[in-house]
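So the chains spell out like this:
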There are 4 protein chains.
Amino acid sequence: MIIVMKPGATEEHIGAVVQRLAGVDSEAHISTGQLRTVIGAIGDRGRIQQIPWGAMSGVERAVPVLKPYKFVSREFQPEDTVIKVRSAQLGGGVFAPIAGPCAVESRDQLFRTAEAVRNAGATILRGDAFKPRTSPFSFQGLAEDGLQLLAEAREEFDLPFVAEVLDPRDVEMISGYADILRIGTRNMANFGLLSEVGRVHKPVMLKRGFTATVDEWLNAAEYIYKEGNHEVIMVERGIRTFETSTRNTLDISAAPVVKTMSHLPVIIDPSHSSGRRHLVAPLARAALAVGADGFIIDVHPDPEAALVDGDQAILPHEFAELMEQMKALAAALQVTI
Amino acid sequence: MIIVMKPGATEEHIGAVVQRLAGVDSEAHISTGQLRTVIGAIGDRGRIQQIPWGAMSGVERAVPVLKPYKFVSREFQPEDTVIKVRSAQLGGGVFAPIAGPCAVESRDQLFRTAEAVRNAGATILRGDAFKPRTSPFSFQGLAEDGLQLLAEAREEFDLPFVAEVLDPRDVEMISGYADILRIGTRNMANFGLLSEVGRVHKPVMLKRGFTATVDEWLNAAEYIYKEGNHEVIMVERGIRTFETSTRNTLDISAAPVVKTMSHLPVIIDPSHSSGRRHLVAPLARAALAVGADGFIIDVHPDPEAALVDGDQAILPHEFAELMEQMKALAAALQVTI
Amino acid sequence: MIIVMKPGATEEHIGAVVQRLAGVDSEAHISTGQLRTVIGAIGDRGRIQQIPWGAMSGVERAVPVLKPYKFVSREFQPEDTVIKVRSAQLGGGVFAPIAGPCAVESRDQLFRTAEAVRNAGATILRGDAFKPRTSPFSFQGLAEDGLQLLAEAREEFDLPFVAEVLDPRDVEMISGYADILRIGTRNMANFGLLSEVGRVHKPVMLKRGFTATVDEWLNAAEYIYKEGNHEVIMVERGIRTFETSTRNTLDISAAPVVKTMSHLPVIIDPSHSSGRRHLVAPLARAALAVGADGFIIDVHPDPEAALVDGDQAILPHEFAELMEQMKALAAALQVTI
Amino acid sequence: MIIVMKPGATEEHIGAVVQRLAGVDSEAHISTGQLRTVIGAIGDRGRIQQIPWGAMSGVERAVPVLKPYKFVSREFQPEDTVIKVRSAQLGGGVFAPIAGPCAVESRDQLFRTAEAVRNAGATILRGDAFKPRTSPFSFQGLAEDGLQLLAEAREEFDLPFVAEVLDPRDVEMISGYADILRIGTRNMANFGLLSEVGRVHKPVMLKRGFTATVDEWLNAAEYIYKEGNHEVIMVERGIRTFETSTRNTLDISAAPVVKTMSHLPVIIDPSHSSGRRHLVAPLARAALAVGADGFIIDVHPDPEAALVDGDQAILPHEFAELMEQMKALAAALQVTI
């Protein structure tokens, strides 16, 4: 932490900072410039960050030198985290195509979609049984019946599946069915839920909050990690900006940024970020080109009849065409798909 | 809902839209311009909004005419909702000063603060026992012991109190102590928690998500309202923008905007929006001038020693000075404080 | 400037930084923590900031300690800048009500408005002759004829006037008429234009770019100031955010923030920030309560017929009612209006 | 335009809207729902949009059906605009690699870079002689001397070059040297400058304002187009968001969005959007994968010594490696590079 003093800071103000640091067993390195005094704080980062520096007289601001997270950083673990789920792999030079319906609506809808995406080359199935809807009047999902159908599809098509968990009270039940749990964008900072999935022995996909910085997102991953669950998959799904031609703005740079800062795998969601069917394929190709470890895409056999997010679902044959392009791109970039 | 067709939309495309509307017992009013056909959909808004218009061939986009919420709108109830808690009032031409520590840290810290804010004119006490901390290593609150202290302070100083609820599993317990429940900014879209507090007989303060639009915020209030709890208080606490000189950007316009669109009371949080001690008083004055129904302010007897958010807490004597200004302003604007 | 080194930075990397600083006659204060080395650079800020620190091997990032501007800062001049224009005053404890039509459309429209706002208590007249329209097909203003009318209104009603300048080639001509020049939000970073108005002997109102941080805005003021024109008035007019219920989001906190960081006067534009007629009065009252030095408001005798921005103009009688409230508020806060 | 009336709108209010539309020779299609009346306005879009609908009694809001631009839209011209400059091509299925120094600093720096990027496969050279610097104390460019050097490099390496124009007074002079003019992000809404370059017979690269929506950006292109210059190249270069791990957030979706809405070519600037050297190659690859028509990249033989934006420049050998990947990707996607 670097403590920048105000222009008129006195010897007493500086002394108080030094003493406060001593109180947490930390050292102060004082640099006196012509216009400002700057104090480098050296010691335990956790204890130094707890001090309300802005409330101390004579202090202008405190600039953290280190990130607030530790275990998910590249510094803590230089090599990539690789996650294996049945025959699928996330991270470690493999690109994982994940696809399926946004919400499970019926056995027929799910099975038709699962078969199509498996045949096209998807390695993991998506499909939700609980939906966080912004309107209290919307379809909320099939609940446990939906999970049961997903479990049957897994066996039928040999595809592990990922499903969203919304409520800490459901974590145990959903873990009994799903291969991978997913934390949605609205729950990225729901710390109670993060702690709960941190105690489960299943990989967790952590969607970026649509208003979270990369640092906050990695910090949320830290919450899960420190509870003992080290299999966290980061999912970039667009952030809220002033632009309205897409539902959110896909922050594609976040993929290489996270891979620089962390050892966790990062995948991209072209469907929910854009909210537009015709943008899914271009953004999916870009996900591979930018170095992400996979994508997660909504596919629906009849989007016009979809109960949730039909606007952005692509058709099974469109997914198959996309996968042909993905394979050509992967070959060109020497990535396994 | 207005359905805007693409330039090349055919008779078949238009016919399909008309038929889809008929399927939800709704009418289609077709306007044919030189460059676009536009279809006005008249019928049940809920059923019309469920249709994935963007997925239909020939449809460019669908523009909603009505807001997604209904019960919290001014159209549904033209007169102001007025909420009474012991001797305090929210809404109905009264400005409610709410103050207290961000987090309850000890009996002494709480009681000193409560006495000071009561003497200065606060009508409701704030103080949290559960804190949603962005870092898993930070102080998380005193939990039920903190609520017990708040309940004692209520009796000692005759001040009803508001406390945050973070987890749906805690709603019942916290309701046993607190006079008003608060939903924090990170939980505004936690629909499970909203439903839970919607079933409790205590007023609920609903903080705006720092990345939520006014419409989304009112929609979250609708979630609570439709469960049967009609005493919802809206709290503007700043939104995330590109500006970094304040912690968030206080959207002061949101107060008159919400009061135009809804009958619910709206208060302003100058402490958490700015994150800066010296900005609290100016923004508190602006809250009254803009027509808000109250403010909620962090006060701490020793901010430098605060365990949470000390950077923005003001001192008891600063709060007393602010209240003098507030009373003069209220008199000038003929508002009761 | 503080240079934060990467975790694996070597002695050579640190040596290169020290040498680079020596090359601009600056000193390096090295602090070695357990995880990072941090180097405090002490010397000429301008020369240190020119170095592309991010391009140097071993450097993680450079954190500026000082702001990029100097002359407009409170440190350079602790006392308020006070600007006098005929009988009007900006800064120094006086609140300046500025009002008039957005665009000058005709002699009648201008004179009716000018008389009304003068009678209600405005001290400066606004009215533009050149309009930067987002569409090439919109009304672009009366040009020099408009300035001529404004000059006549000035004499008729004894009101100095402010008018926008869009093009560096027009600065001299417009300065021949207007009492105050205004730089619009889209030109805040038009450095050629800033330099040009910096060489004129007229006060300049500098609107905040709707996507500019406070630091960038003060930096733009510095551009004007360093050319010799020290009479700069800062105008907060809303920033672009994700919220769409108002045209822009008025960043009301910016007024006290700028007044802390700079000696220049700051006024608020409730009309263009909100874009909504019914929000103008509440935001104007908030401007005074938050400590701004004035407001600038669009008034039009017939907004439905306005050629520019009629949506947000208030009527002359609404302005008169607002001014009554402003006077009561000013008295309560002991401000001169 | 669709006019949505307020809930309590009367027959008189509706009649006034109808009459106002008649005044601009337009028709009104009235749809009366249970809660709202909606009026479809059919006629000349330009004249209808000029009416200040928000100022009319009984009107809630006006929703435009058509975009404000016309000539640059796909509806106006379905086939792609293809621009040829010497042997280089922009649009029409060709990917144009544009590279060179951010600013021309010396003959040696320019020629070394130009030779390297030409050898690696760049088809257009970038290099600026005038720089819009946020600080008045920074290097402002070599001016006409820089253009002279660029013109020499063009002949030496057979590379057409693009250079930025900042001031309307310089357009003619710069056009005498450069093959393509560039409007920078800060000038995207400088309508005087747009008109000026619209009258020149040279292609114009129009950078997106870092706070402009796609609609505003296309509208700026319309400004140039309607003056007679139809060779406009759109450059996505990142938008301002809350994220700070990159300089701006590259809105990669904007490339396919613009190509859907407009016939103009779109290229991507990975250097200025990210501001980080190690992100340039991943984003450049993503530009091709997403379907953009080219990229523009900063290359510098010695970034640590660069006078402008050294943090983001890549080295000549890094550019050569990137071009190898680009060629493999282009082959996989059947694009000419």
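All values derive from a computational prediction rather than experimental measurement. Position numbers for residues start from 1 in each chain and track the written sequence from start to end. All chains are assigned letters beginning with A, and all ligands numbers beginning with 1, in the order in which they are written. Local features in a predicted model are, by the rule used here, given only for residues with pLDDT of at least 70; side-chain atom pairs are given and counted only at 80 or more, and totals for whole chains, interfaces and linings are based on all residues. Where side-chain values are given, they derive from all heavy atoms of the structure, hydrogens and water being excluded.

Description of the overall build of chain A
Applicable threshold: In DSSP terms, a helix is any run of H or I states spanning at least four residues, a strand is any run of E spanning at least two, and both are numbered starting from the N terminus. Burial classes: relative accessible area under 20% of the type maximum marks a residue as buried, over 50% as exposed, and values in between as partly exposed (1.4 Å probe, protein chains only). The contact definition used throughout considers only heavy atoms, calling two residues in contact when any of these lie within 4.5 Å. All accessibility values rest on the Shrake-Rupley procedure with a 1.4 Å probe; residue burial counts only the protein chains present in the view. His is not counted here, nor are the chain ends, while Lys and Arg score as positive and Asp and Glu score as negative. Charged groups are reduced to one reference atom each: NZ for lysine, CZ for arginine, CG for aspartic acid, CD for glutamic acid.
Per the secondary structure count, chain A includes eleven helices and 14 strands. Principal-axis analysis of the C-alpha atoms places the extent of chain A at approximately 75 × 45 × 35 Å. The 337 residues of chain A split such that 62% are buried. Within chain A, residue pairs in contact and separated by at least 24 positions form 68% of the contacts whose partners lie at least 6 positions apart. As presented, chain A carries roughly 11300 Å² of accessible surface, and 49% of it is formed by carbon and sulfur atoms. Placing the 34 positive and 43 negative side-chain charges of chain A at their respective mean positions leaves the two points 3 Å apart.

Section: the nonpolar core
Worth spelling out the cut-off: By convention a nonpolar core is built from buried Ala, Val, Leu, Ile, Met, Phe, Trp, Tyr and Cys residues, the set being connected through side-chain atoms within 4.5 Å.
Counting residues in hydrophobic clusters, the biggest one holds 161 residues, and the most contacted among them are Leu206(A) and Leu206(D). In contact with Leu206(D), other than residues within four places in its own chain, are Ile183(D), Met188(D), Leu194(D), Trp217(D), Ala220(D), Ala221(D), Ile224(D), Val232(D), Ile233(D), Met234(D) and Val235(D). Within the second largest apolar cluster, 160 residues are counted, among which are Leu147(B), Leu149(B), Ala151(B) and Phe157(C).

Points about the sheet that holds strand β3 (residues 37–42) of chain A
Residue and element names in this part refer to chain A. Rules: Note on pairing: two strands pair once DSSP finds at least 2 bridges between them. With axes taken as lines fitted to C-alpha atoms, and helix axes fitted only over the stretch in contact, angles between N-to-C directions fall between 0 and 180 degrees.
Across the sheet, which stays open at both edges, the four strands sit in the order β2-β3-β1-β4 with antiparallel pairing between neighbours. With partners counted over all chains shown, the strands left at the sheet margins are β2 (27–32) and β4 (59–63), one partner each. Averaged over all adjacent pairs, the angle separating strand axes in this sheet is 20 degrees, with direction ignored. With four bridges joining them, strand β1 (residues 2–5) and β4 adopt antiparallel strand pairing.

Things to note about the relation of the copies chain B and chain A
For clarity, the threshold we go by: We superpose the copies by least squares over the C-alpha atoms of residues that have a pLDDT of at least 70 in both of them.
When chain B is brought onto chain A, the operation consists of a screw motion whose angular component is 180 degrees and whose axial shift is 0.0 Å, with 0.0 Å RMSD remaining. Expressed as a symmetry operation, the mapping of one chain copy onto the other fits a two-fold axis. Every residue of chain B has its C-alpha some distance from the rotation axis, and the shortest such distance is that of Thr211(B), at 3.0 Å. An overlap of 100% is found between the interface residues of chain B and their copies at the interface of chain A, pointing to a shared contact surface.

Notes on the relation of the copies chain A and chain C
Relating one copy of the chain to the other requires a rotation about an axis plus a shift along that axis. Mapping chain A onto chain C calls for a screw motion: a turn of 180 degrees about the axis and a shift of 0.1 Å along it, with 0.0 Å RMSD after fitting. Both copies contact each other with a shared surface, as 100% of the interface residues of chain A are interface residues in chain C too.

Describing the interface of chain B and chain A
For clarity, the threshold we go by: The salt bridge definition used is simple: a Lys or Arg side-chain nitrogen within 4 Å of an Asp or Glu carboxyl oxygen. Counting of polar contacts relies on pairs of N or O atoms within 3.5 Å, with two restrictions inside protein: one atom must be capable of donating a hydrogen and the other of accepting it, and residues adjacent in sequence are counted only when both atoms are side-chain atoms. Gly falls in the polar group here, along with every residue not listed as nonpolar (Ala, Val, Leu, Ile, Met, Phe, Trp, Tyr, Cys, Pro) or charged (Asp, Glu, Lys, Arg).
On the side of chain A, 45 residues touch chain B, which itself brings 45 residues to the contact. In this structure, the connection of chain B to chain A is made through four salt bridges. The partner of Arg240(B) in a salt bridge is Glu216(A), and the shortest N-O contact between them spans 2.6 Å. In this assembly, chain B and chain A are joined by 15 residue pairs in polar contact (both at pLDDT 80 or more). Looking at the side of chain B that touches chain A, the elements with two or more residues in it are α6 (191–197) and α7 (214–226) of chain B. Among the elements that take part in the side of chain B that touches chain A, α7(B) stands out by supplying five residues, more than any other. In terms of residue class, the side of chain B that touches chain A is built from 19 nonpolar, 13 polar and 13 charged.

A word on the sheet that holds strand β4 (residues 59–63) of chain B
Strand pairing in a sheet takes place through backbone hydrogen bonds and is either antiparallel or parallel in direction. Residues and elements named next belong to chain B. Ordered in space as β2-β3-β1-β4, the four strands form an open sheet in which the pairing is antiparallel. What marks the edges here is a single partner per strand, and that holds for β2 (27–32) and β4. Across the sheet, the mean angle separating the axes of adjacent strands is 20 degrees when strand polarity is ignored. Two strands pair when backbone bridges link them, and strand β1 (residues 2–5) and strand β3 (residues 37–42) are joined in this way by three bridges, in the antiparallel orientation. When the bridges of β3 are listed, isoleucine 3 appears paired with isoleucine 39.

Overview of the interface of chain A and chain C
Test applied: By convention, the term buried area covers the 1.4 Å-probe accessible surface removed from two parts as they join, with the contributions of both added.
The partner chain C presents 23 residues to the 23 residues of chain A that form the contact. Buried area between chain A and chain C, both sides added, is near 1800 Å², and the carbon and sulfur share of it is 66%. Considering only the surface of chain A that becomes buried against chain C, Val65(A), Glu75(A) and Phe242(A) emerge as the three largest contributors, covering 25% of it. The tally of links between chain A and chain C comes to two salt bridges. Glu75(A) is the salt-bridge partner of Arg36(C), the closest N and O atoms lying 2.8 Å from each other. Across the chain A-chain C interface, the total number found is eight residue pairs in polar contact (both at pLDDT 80 or more). Top element by residues in the side of chain A that touches chain C is β2(A). It accounts for four residues. A per-class count over the side of chain A that touches chain C returns twelve nonpolar, five polar and six charged.

Focus: the environment of Ala330(C)
Residue and element names in this part refer to chain C. Relative to the helices and strands, alanine 330 resides in helix α11 (residues 316–333). A sequence separation of 42 residues divides alanine 330 from leucine 288, and the C-alpha atoms of the two residues are 7.3 Å apart. In this view, alanine 330 contacts Leu288, Val335 and Ile337; residues no more than four positions away in its chain are not counted.

Section: the packing of helix α3 (residues 107–120) of chain A against helix α11 (residues 316–333) of chain A
All names here are of chain A. Under the convention used in this document: Small angles under 35 degrees read as roughly parallel and large ones over 145 as roughly antiparallel, with 65 to 115 read as roughly perpendicular and the rest as oblique. For any helix crossing, the convention is left-handed if the near helix is rotated counterclockwise from the far helix by under a right angle, and right-handed if that rotation is clockwise.
Running from N to C, α3 and α11 point in directions that differ by 20 degrees, and their axes come no closer than 9 Å. Considered as vectors, α3 and α11 are oriented roughly parallel to each other. Helix-helix and strand crossings are classified by hand; for α3 and α11 the assignment is right-handed. Contacts from Ala116, Val117 and Ala120 of α3 reach α11 at Pro316, Phe319, Ala320, Met323 and Lys327. Looking at the contact of α3 with α11 residue by residue, the class counts come to seven nonpolar, no polar and one charged.

Comments concerning the confidence of the model for chain A
Quick note on the threshold: pLDDT expresses how confident the predictor is about each individual residue, on a scale running from 0 to 100.
The predicted model of chain A averages 92 in pLDDT, with 98% of residues at 70 or higher. What the predictor reports for the complex is a pTM of 0.91 with an ipTM of 0.93.

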